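Breakdown of the fold
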Amino acid sequence: MREFSQTELLLELEPVVAGELDRHHKMAKEWFPHEYVPWSEGRDYDGIFGGEAWSETDSTIPEEARTSLIVNLLTEDNLPSYHHEIATTFGRDAAWGTWVHRWTAEEGRHGTAIRDYLTVTRAVDPVALERARMSHMEEGFTNSYEGVLHSLAYVSFQELATRISHRNTGKASGDPNCERLLARIAADENLHMLFYRNLLSAAFELNPGQTMRAVTDVVTTFQMPGTGIQGFTRKAMTIAHAGIYDLRLHLDDVIMPVLRQWSVFEREDLDGEGDKARQELSEFLDRLEVTASRFVERREARRAREAAGS
C-alpha cells in the first residue's frame with residue numbers, strides 16, 4: 001500500500017477531527033481555575049507588600065509531591081511552544097484549526113490553576129519557581145517527530161502520561177484541595193488523549209503499515225515534554241522513587257492500554273514494513289518490561305533498607 005502524504009493525511013482525517021470535536025464538546029465540562037484555589041489561605045510575601053519570606057515550613061506537602069508539582073507546572077508553562085508545534089503540524093484551518101485553538105484554550109487554564117494554588121498555599125519557593133519558568137520557557141519546546149502520524153502517536157501517549165502524573169501527584173500531596181484540582185486537570189487531559197487516540201485509530205484504517213511505523217518510532221524514543229527542565233533527570237528520579245510516575249506505570253498504564261485500544265498485536269492488515277515495525281515494538285516492550293521490573297525491585301529493596309534503618 002502506498003504511503004499517504006502529509007496533506008493527504010490531513011484531508012482524509014479531517015472528517016474524523018470534526019466528529020471528535022463534536023464528541024469532545026459534549027463531554028467537556030466547563031470549569032474555572034479560581035474555584036479550585038483556597039484564596040483564604042494566602043498572605044503577602046516579602047517584597048513590595050512587606051510580607052513574610054517563603055520558608056520550607058510553610059507547607060506540609062511532601063518534598064516528592066512538591067517536586068512533581070513543579071515539574072508538572074513547568075511542563076504546562078511551555079504551552080506557547082506546544083501551540084506553535086501542533087498548529088504547524090495540523091494547520092489552523094477548518095476542523096483541525098478549531099481543535100488546535102480549543103486544545104490550547106483548555107490547556108492554558110492548567111498552568112494558571114496550579115501556579116495560583118502553589119502561590120496561595122506557599123507550597124513552593126515562588127522566586128525559585130519563577131526563575132525556573134523563565135529558564136524553561138526560554139529554551140522552548142520542539143517536536144521531535146515530523147509529520148501527522150508521529151505527532152498523533154506522541155500526543156496519544158503523552159496526554160495519558162500527563163493525566164496519570166497529575167492524578168498521582170494530587171494523591172501524593174496529602175492535601176485534598178491539591179488532589180481535587182489535579183483530578184480536575186487530569187479529566188481534561190483524559191479527553192485530549194481520547195481525541196488523539198481516536199484519530200490514530202482512524203489512521204490505522206487508512207494505512208496500517210505507515211501508522212504502525214509511527215507508533216513504533218514514538219514508543220521506542222518517547223520522552224516527556226518536560227525533559228528540558230533544569231535538573232529534570234534528578235527530579236524525575238525523585239518522582240519515580242516516590243511511585244508518582246515511573247517506568248512501571250509508563251509501561252502498564254500508558255503504553256499498553258493505548259496499544260491494546262489500537263489492537264496493535266492482533267492486526268492482520270499490516271504490510272511487510274508494518275509487520276517489521278510491530279516486531280521492533282514487541283522486542284522493545286520486552287526490554288522495557290525487564291527494566292521496569294528491575295527498577296521496582298531496586299526501589300522496594302531501598303525502601304526496606306530505609307525502614308530497617310529508621
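Please refer to the structure higher up on the page.
Residues numbered from 1 in each chain as written. Predicted model: local features only at pLDDT ≥ 70, side-chain atom pairs only at ≥ 80, totals over all residues. Heavy atoms only, no water.

Before going further, it helps to spend a moment on the packing of aromatic side chains. In the structure shown here, the tally under the stated rule is ten aromatic pairs. Where Y82 meets F141, the ring centres are 5.1 Å apart and the plane angle is 80°; that geometry is what we call edge-to-face. Here Y82 is found in helix 3 (residues 79–90), whereas its partner F141 is found in the loop between helix 5 (126–139) and helix 6 (148–173), with 59 residues between them in sequence. Both residues of the pair, Y82 and F141, belong to the buried class. Consider the rings of Y145 and Y154, whose centres lie 5.6 Å apart with planes at 40°: the pair is tilted. The residues Y145 and Y154 share a single accessibility class, namely buried. Three or more aromatic residues joined by ring pairs form one cluster here, namely W99, F195 and Y196. In this arrangement the basic side chain of R2 is found over the ring face of F4, its NZ or CZ atom lying 5.4 Å from the centre. In this arrangement the basic side chain of R122 is found over the ring face of Y45, its NZ or CZ atom lying 4.2 Å from the centre. (Phe/Tyr/Trp six-rings, centres within 6.5 Å; stacked < 30°, edge-to-face > 60°. Helix = DSSP H or I, 4+ residues; strand = E, 2+ residues; numbered from the N terminus. Buried < 20%, exposed > 50% of the residue type's maximum accessible area, 1.4 Å probe, protein only. Lys NZ or Arg CZ within 6 Å of the ring centre and 35° of its normal.)

Packing of helix 6 against helix 8 (residues 208–221) leaves a shortest axis separation of 8 Å and a crossing angle of 50°. By the angle class used here, helix 6 and helix 8 are oblique. As helix 6 runs across helix 8, the sense of the crossing is right-handed. Between helix 6, through L149, H150, A153, Y154 and F157, and helix 8, the contact on the second element is made entirely by Q210, T211, R213, A214, V215, D217, V218 and V219. In the contact of helix 6 with helix 8, the residues fall into eight nonpolar, three polar and two charged. (Axes fitted to C-alpha atoms, helices over the stretch in contact; angles between N-to-C directions. Parallel < 35°, antiparallel > 145°, perpendicular 65-115°, else oblique. Left-handed = near helix turned anticlockwise from the far one by under 90°. Contact = heavy atoms within 4.5 Å. Nonpolar A, V, L, I, M, F, W, Y, C, P; charged D, E, K, R; others polar.)

On to empty space enclosed by the protein. Over the atoms, a rolling probe the size of a water molecule traces out where space has been left empty. Evaluated as defined, the whole model comprises one cavity of 30 Å³ or more. Lining the largest cavity we find 21 residues, and of these Y82, W103, Y154, V155 and Q158 sit closest to its centre. (1 Å grid on protein atoms, 1.4 Å probe; cavity = no way out; pocket = protein on both sides within 12 Å on 5 of 7 lines; lining within 4 Å. Points joined across faces, edges and corners; volume = space filled by probe spheres on them.)

Right, let's get into helix 7 (residues 176–206). Its 31 residues place the ends of helix 7 45 Å apart at the C-alpha level, agreeing with the 45 Å of an ideal helix rising 1.5 Å per residue. At the N-terminal end of helix 7, a side-chain oxygen is found 2.9 Å from the backbone nitrogen of N177, two or three residues along, and the residue is D175. (Expected span 1.5 Å × (residues − 1). Polar contact = N/O pair within 3.5 Å; in protein donor to acceptor, adjacent residues only side chain to side chain.)

All right, on to the nonpolar core then. Counting 81 residues, the largest nonpolar core has F157 and V215 as its most contacted members. When residues of this core are assigned to their parent elements, the largest contribution, 14 residues, is made by helix 7. In contact with F157, other than residues within four places in its own chain, are V215, V218, V219, F222, V254, I255, V258, L259 and W262. (Core = buried A, V, L, I, M, F, W, Y, C linked by side-chain atoms within 4.5 Å.)

The next subject is unusual backbone geometry. At A94, a position not held by glycine, the phi torsion is positive, near 50°. Residue position: A94 is located in helix 4 (residues 94–121). Look at S263: it is not a glycine, yet its phi comes out positive at around 55°. Within the secondary structure, S263 is located in the loop between helix 10 (247–261) and helix 11 (272–309). Residue class for S263 comes out partly exposed when judged on its relative accessible area of 31%.

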